Amino acid sequence: MPLPLQRAALAAVMLAIVPSLGPQAGAAGVGAHARAARSAGAPRRPSPSFEVQEVAPNVYAVLRREPPGYLFQSNSVFIVCDSDVVVVDAQFTAAATREVLGALRRITSKPVRYVVNTHSHDDHVTGNQVYRDAFPGVEFIGHEETRADLETGAAERRRQLVAALPEGLAAIRERLRTGTTSAGAALTDEQRASLTSDLALGERYLAEAPSFRLTPPTITFADHLTLVHGGRTIELRYLGRAHTAGDIVVRLPADNVVITGDLIVWPVPLVGSTSHPADYVMALERLRALRPAAMVPGHGPVMRDDGYLDLMIRMLTSLTRQVDSAVARGETVEQAQKSVNLDEYRAAFAGDSKVKQGLFTNYVLLPGVVCAHREASARRR
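Since this is a predicted model, take the numbers as computed values, not measurements. (Residues numbered from 1 in each chain as written. Predicted model: local features only at pLDDT ≥ 70, side-chain atom pairs only at ≥ 80, totals over all residues. Heavy atoms only, no water.)

Would you mind going over the pairing of strand β5 (residues 85-88) with me for this structure?
Looking along a regular strand, one sees the side chains alternate between the two faces of the sheet. Across the two faces of β5 the burial is the same, with Val85 and Val87 and Val86 and Val88 all buried. As judged from the 4 bridges shared by strand β4 (residues 76-80) and β5, these two strands associate in the antiparallel manner. Residue pairing in the sheet places Val77 in a bridge with Val88 of β5. Hairpin connection between β4 and β5: a loop of 4 residues separates the two successive antiparallel strands. (Buried < 20%, exposed > 50% of the residue type's maximum accessible area, 1.4 Å probe, protein only. Helix = DSSP H or I, 4+ residues; strand = E, 2+ residues; numbered from the N terminus. Pairing = 2+ DSSP bridges.)

Before we go on, may I ask you to explain the sheet that holds strand β13 (residues 294-299) in this structure?
Backbone hydrogen bonds hold the strands of a sheet together, and the pairing may be parallel or antiparallel. If you trace the 5 strands from one edge of the open sheet to the other, you get β9-β10-β11-β12-β13, paired in mixed fashion. The open sheet terminates on both sides in strands that have one partner only, identified here as β9 (224-229) and β13. Between one strand axis and the next, the sheet turns through 25 degrees on average, direction left out of account. Bridge count for strand β12 (residues 257-265) against β13 is 5 bridges, and the pairing is parallel. Of the residues in β13, the one forming a bridge with Val265 is His299. In the packing of helix α9 (residues 277-289) onto the sheet, contacts are made with β12 and β13, and the angle to β12 comes to roughly 160 degrees. Sheet strands in contact with helix α10 (residues 307-328) are β12 and β13, and its direction is about 40 degrees off that of β12. (Axes fitted to C-alpha atoms, helices over the stretch in contact; angles between N-to-C directions. Contact = heavy atoms within 4.5 Å.)

Can you help me understand empty space enclosed by the protein in this one?
The gaps left among the atoms become clear once a water-sized probe is rolled over them. Taken as a whole, this structure holds 2 cavities of 30 Å³ or more when the rule is applied. Considered as a void within the structure, the largest cavity measures approximately 50 Å³ in volume. Every residue along the wall of the largest cavity is listed here: Asn75, Ser76, Val77, Val88, Asp89, Ile259, Gly261, Val296, Pro297 and Gly298. For the lining of the largest cavity, the secondary structure elements donating two or more residues are β4, β12 and β13. Here the element with the most residues in the lining of the largest cavity is β13; it accounts for 3 residues. (1 Å grid on protein atoms, 1.4 Å probe; cavity = no way out; pocket = protein on both sides within 12 Å on 5 of 7 lines; lining within 4 Å. Points joined across faces, edges and corners; volume = space filled by probe spheres on them.)

Whenever I open this one, the packing of α9 against α10 confuses me. Can you help?
How two helices sit against one another is set out by the angle between their axes and by the gap between those axes. Taken N-terminus to C-terminus, the directions of α9 and α10 make an angle of 155 degrees; their axes are 9 Å apart at the nearest point. With respect to α10, the element α9 is oriented roughly antiparallel. In the packing of α9 onto α10, the handedness of the crossing is left-handed. In this structure, α9 uses Pro277, Ala278, Tyr280, Val281, Leu284, Glu285, Leu287 and Arg288 to contact α10, whose residues at the interface are Leu309, Asp310, Met312, Ile313, Leu316, Thr317, Leu319 and Thr320. For the contact of α9 with α10, the per-class residue count stands at 11 nonpolar, 2 polar and 3 charged. (Parallel < 35°, antiparallel > 145°, perpendicular 65-115°, else oblique. Left-handed = near helix turned anticlockwise from the far one by under 90°. Nonpolar A, V, L, I, M, F, W, Y, C, P; charged D, E, K, R; others polar.)

I keep staring at the packing of α10 against helix α12 (residues 343-350) and nothing clicks. Help me out?
Across the interface, α10 lies against α12 with an axial gap of 10 Å and an inter-helix angle of 155 degrees. On the basis of the axis angle, α10 is roughly antiparallel to α12. Helix-helix and strand crossings are classified by hand; for α10 and α12 the assignment is left-handed. Note on element contacts: α12 touches α10 through Tyr345, Ala348 and Phe349, opposite Tyr308, Leu311, Met312, Arg314, Met315 and Ser318. Residue composition of the contact of α10 with α12, by class: 7 nonpolar, 1 polar and 1 charged.

What should I look at first to understand the side chain of Thr244 in this one?
By secondary structure assignment, the location of Thr244 is in the loop between β10 (232-237) and β11 (249-252). Residue contacts for Thr244: discarding those within four places in its chain leaves His119, His121, Thr274 and His276.

So what exactly am I meant to see when it comes to the pattern of salt bridges here?
Opposite charge on two side chains allows them to pair when their charged atoms are near. With the rule as written, the count across this model stands at 17 salt bridges. Where Glu235 meets Arg237, a salt bridge forms, and the shortest distance between an N and an O atom there is 3.0 Å. Among the residues examined, Glu235 registers a relative accessible area of 15% and is labelled buried. The exposure class of Arg237 is partly exposed, given its relative accessible area of 28%. (Salt bridge = Lys/Arg side-chain N within 4 Å of Asp/Glu carboxyl O.)

Hey, could you run me through the layout of surface pockets in this one?
Counted as a void, the largest pocket has a volume near 300 Å³. Pro68, Phe72, Trp266, Pro267 and His299 are the residues nearest the centre of the largest pocket, which is lined by 20 residues in total. Its residues placed into classes, the lining of the largest pocket shows 10 nonpolar, 6 polar and 4 charged.

Would you mind going over α9 with me for this structure?
Count 3.6 residues to each turn of an α-helix, and residues three or four apart come out pointing the same way. The end-to-end C-alpha distance of α9, which contains 13 residues, comes to 19 Å, matching closely the 18 Å that a straight helix rising 1.5 Å per residue would cover. Buried within α9 we find Pro277, Asp279, Tyr280, Val281, Ala283, Leu284 and Leu287. Along its buried surface, α9 packs onto β12, β13, α10 and α13 (354-380). Note on α9: the residue one or two positions beyond its end, Arg291, has a positive phi of about 55 degrees. (Expected span 1.5 Å × (residues − 1).)

This is how it looks when you write it as structure tokens:
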């Protein structure tokens, strides 16, 4: 779900990007890294929507397989303990979460004791209600900022999204009906796949919207929380403001695995309108300092080196430095969005893929400049 965008603006954004929605075409270095990451570990019982990969003993990553687009589901992780299970993140729809729960039940009959939400965006929390229904004693764990955001803004954001989606989905249907972009060019197979995925997910979300139930964390923390549970030590850490004000990571020290939530998103980062770009850089540097052997991102394949993480750090550093200079020159947000040049990173993340270039514009450049400009302006007051 494109929560880095303000939901009320989603229809306008989708209308703007429908002509350029396109395939997943890996940039040279990043694509090679992702392919190598995907090859690590054997998938278990793949579904059309995801694969389940054991990344450490009794630790299973549920990796989404939908094509890149403007609507998406999140990865999940199952941590199977002696007598129960800890799940990290739910999905954007109840139907998708039920499918993921079905995959868990094929692995173990143990009940889910905890669901950890890495942040407050709907693609990671809407499915909480599925776990609540299936396991009445389940506890939900998140940062205190995640709970505050869900209790104060979630209902209104969902209302705005439900109001905005139909216009954007209608534009997608028209593109699929005619088989052309709004400029009249024929859709490629990859463009059609991306549009079809967005349409299906948007329609599913709208169909479920009347039954949504807010399910915020029942256990919160500010800095860190350690669970010594079921034969495992599970560390929950707040590394600072980043993609949101309340992002957390989950570290399994015995396995040296870190579950990053949306601090890391592949194939294009989600900086977004809820972000704090300067702090984001520091959070990623703290993540790197943990020296994980494997990272499970919020979206994308398991990563077993720092290549993608380092690229994100360099990009966000460049973004914040350029915006700081723009603010010092007295540039408005609109002027800064034109003067900031991230072409090097657009090429690295998006290559020649139109859909990933659109994602980069709408999830990195435009909202990233807005957030960095706000922060740089505040520092100068």
